[in-house]
Amino acid sequence: MDVGALVGGAVALVVGLLSWGQSRATNRREGFRAITDRLDKELAEERRQRRLLTRAYLDMLQWARRVGPKTPAGPAPEPPAELDLTPWHL
């Protein structure tokens, strides 16, 4: 056999393996980036919902302080419209 052909084949095989490994690494980075982007969005939404829930809770506490044991209560304050309460519904 020709030594040049063997060397050329070996070089082509090494280059092929290196490019395959590089493409796998790129795909892993893209997958990781997609996961972290999704988690960032979910975290931002969670923080927003927590702020709204805290605000609704503080409104209820203020209402409870204003209403004494002998005071007609009246309706409790409504939670903010954009507050998602579906996790607490049965």
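Above: the structure in question.
All of these numbers come straight from a predicted model, not from anything done at the bench.

### Some words on the overall build of the chain
Right, on to step 1. When helices and strands are tallied, the chain shows one helix and zero strands.
Right, on to step 2. The C-alpha atoms of the chain give 31 Å as radius of gyration, which overshoots the globular expectation for 90 residues (12 Å, by more than 25%).
Right, on to step 3. When the 90 residues of the chain are sorted by exposure, 9% land in the buried category.
Right, on to step 4. A total of about 8,000 Å² of accessible surface is found on the chain, and carbon and sulfur atoms cover 64% of it.
Right, on to step 5. The distance from the centre of the 14 positive side-chain charges to the centre of the 11 negative ones in the chain is 7 Å.

### Some words on the side chain of Gln49
Right, on to step 1. Relative to the helices and strands, Gln49 is located in helix 1 (residues 3-66).
Right, on to step 2. Since its relative accessible area comes to 13%, Gln49 is described here as buried.

### Section: the pattern of salt bridges
Right, on to step 1. Taken as a whole and assessed by the stated rule, the structure comprises four salt bridges.
Right, on to step 2. A salt bridge links Arg38 to Glu42; the nearest nitrogen and oxygen atoms lie 3.0 Å apart. Of the two residues, Arg38 and Glu42 both sit in helix 1, four residues apart, roughly one turn of that helix.
Right, on to step 3. Residue Arg38 is classed as exposed on the basis of its relative accessible area of 58%.
Right, on to step 4. For Glu42, a relative accessible area of 42% gives the class partly exposed.
Right, on to step 5. With its nearest N and O atoms 3.1 Å apart, the salt bridge here joins Glu46 to Arg50. With Glu46 and Arg50 both in helix 1, this residue pair falls four residues apart, about one helical turn.

### Points about a nonpolar patch on the surface
Right, on to step 1. Taken together, the side chains of Val3, Val7, Val11 and Val15 present a nonpolar region at the surface, about 350 Å² in accessible area.
Right, on to step 2. Summarising the element assignment, Val15 is placed in helix 1.

Criteria and cut-off values
Residues numbered from 1 in each chain as written. Predicted model: local features only at pLDDT ≥ 70, side-chain atom pairs only at ≥ 80, totals over all residues. Heavy atoms only, no water. Helix = DSSP H or I, 4+ residues; strand = E, 2+ residues; numbered from the N terminus. Rg over C-alpha atoms; globule rule 2.2 N^0.38 Å. Buried < 20%, exposed > 50% of the residue type's maximum accessible area, 1.4 Å probe, protein only. Areas by Shrake-Rupley, 256 points an atom, 1.4 Å probe, with all protein chains shown as cover. Lys, Arg positive; Asp, Glu negative; His and termini not counted. Charge placed at Lys NZ, Arg CZ, Asp CG, Glu CD. Salt bridge = Lys/Arg side-chain N within 4 Å of Asp/Glu carboxyl O. Patch = residues over 30% accessible without salt bridge, like charges linked within 9 Å, V, L, I, M, F, W, Y side chains within 5 Å.

Worth remembering: the numbers are spatial, not functional.
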